[in-house]
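Examining the three-dimensional arrangement
Next come the chains, spelled out residue by residue.
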Amino acid sequence: MKDSINGLIPFRHIMYKWLYDSNDGYYTNDRIGKGGDFYTSVSTSKFFGGAISRYILKMLEEEKLFLPLCIVEIGSNNADLICDIAEFLNAFNNEVFMKTTFYIIEPLKSLHNGQKEKFIQRITKRFNKKLYILESINRLNCALNHDTFFISNELFDSMPCDIVINNRMLYFKNNKLVFDRIDTTIQDFINKYNISTIEIPFFWESFIKELCSIEYKKWVFLTFDYGDFFARDMNIRIYSKHKVFNFYEEWQNNNIMNFYGNSDITYDVDFNLLKKIFESNNITIEKCITQAKFLIEECEILDIFECFMKNFSDVQLIKQKASLNGLIAPNAMGERFKALCVSNSY
């Protein structure tokens, strides 16, 4: 972490420590799901992973990807998604499954053992497939001879941001949050992409540049996140025990440090900005639509569910339908979550 002049620390560095500090950062432990602070699509239904598996097969059928294949999840938390994808892929097409190598990119070493053990129990012991865990994308060199499918869920809204209001930027100084002039790095970033949001996601650009800089063969990157197709008003917020807290209200009440490190802090993803950054790196936008539309039309999730319905008891069927509805209903995750799929195809 670098201090700015006069001891001012940009808020993005504070948010980074809040979420990712190796000793007590929020994401160093598995805190997602019923017993945690918030739900994700992964913790809502296994059919989310099943739908992604179907989409991978679609990419192979359309020859946007070829076997052998690498499937790489970026930011996996507890490895449930990569396991769900592997299970369904094996059920749908064993030949594709056998010619696929599974990876997780996970910077947090504290999560590696849990991810590896989850995959061993669910996949390795049953289907004799290994999981490879790497700390960064640039260590994926062993996969360069294979086409690659990248998947992430709620990745970009977990990348630290800066906060800029009325041409003033938020910093941390002398144990207090204060506004001061915008540093030139952030101002250049704002000007480059004509950003109008209050939350400035400076780290998006470096992540995307790293993804695009490695000489893979063909690759597809699919991500789901909470946000919209345009810039929204100030929306940075805190999640704790399935309750939402307004960041600015808690700041005004001097409560921020009560949440620091033990609750999630996030913001809406501006998908228009995300597209701009990918396009500036000569990446093709395949789809940018709501999660519901993507899962239903591109992944055929309703057909998948129908195929597996006969395996459920009456009680299980009710629960599974409710979970599926959580993924695609307009008043649940279906509309507020968006899907962005990009590729390096020309």
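For the structure itself, look to the data block above.
Residues numbered from 1 in each chain as written. Predicted model: local features only at pLDDT ≥ 70, side-chain atom pairs only at ≥ 80, totals over all residues. Heavy atoms only, no water.

1. Re the packing of aromatic side chains
Inspection of the entire model under this criterion finds 36 aromatic pairs. Taking the centre distance of 5.6 Å and the plane angle of 85 degrees together, the rings of Phe189 and Phe202 count as edge-to-face. Of this pair, Phe189 sits in helix α7 (residues 184-193) while Phe202 sits in the loop between β9 (199-200) and α8 (203-213), placing them 13 residues apart in sequence. When its relative accessible area of 2% is taken as the criterion, Phe189 is described as buried. Each member of the aromatic cluster is reached from another via a ring pair, and the members are Phe150, Phe156, Trp204, Phe207, Trp219, Phe221 and Phe278. Above the face of the Phe97 ring, Lys129 is positioned so that its terminal group lies 5.9 Å from the ring centre. The aromatic ring of Phe229 is capped on one face by Lys338, whose charged end is 5.3 Å from the ring centroid. (Phe/Tyr/Trp six-rings, centres within 6.5 Å; stacked < 30°, edge-to-face > 60°. Helix = DSSP H or I, 4+ residues; strand = E, 2+ residues; numbered from the N terminus. Buried < 20%, exposed > 50% of the residue type's maximum accessible area, 1.4 Å probe, protein only. Lys NZ or Arg CZ within 6 Å of the ring centre and 35° of its normal.)

2. Details of the sheet that holds strand β13 (residues 264-266)
Across the sheet, three strands lie side by side as β12-β11-β13; this open sheet has antiparallel pairing. Unpaired on one side and paired on the other, β12 (243-246) and β13 mark the two borders of the sheet. In this sheet, adjacent strand axes meet at a mean angle of 30 degrees when their direction is disregarded. Its contacts with the sheet put helix α1 (residues 11-20) on β11 (237-240) and β13, and the angle it makes with β13 is roughly 145 degrees. (Pairing = 2+ DSSP bridges. Axes fitted to C-alpha atoms, helices over the stretch in contact; angles between N-to-C directions. Contact = heavy atoms within 4.5 Å.)

3. Let's talk about the pairing of strand β6 (residues 162-165)
Every second residue of β6 is oriented toward a common face, with Asp162 and Val164 on one face and Ile163 and Ile165 on the other, all of them buried. Bridge count between β6 and β9: two bridges; the pairing is antiparallel. By the bridge assignment for β9, Ile163 is matched with Glu199. Of the pairings in the sheet, the one linking β6 to strand β7 (residues 168-173) comprises two bridges and is antiparallel in character. Directly across from Val164, in β7, lies its bridge partner Met169. Hairpin connection between β6 and β7: a loop of two residues separates the two successive antiparallel strands, and Asn166 in this loop has a positive phi of roughly 50 degrees.

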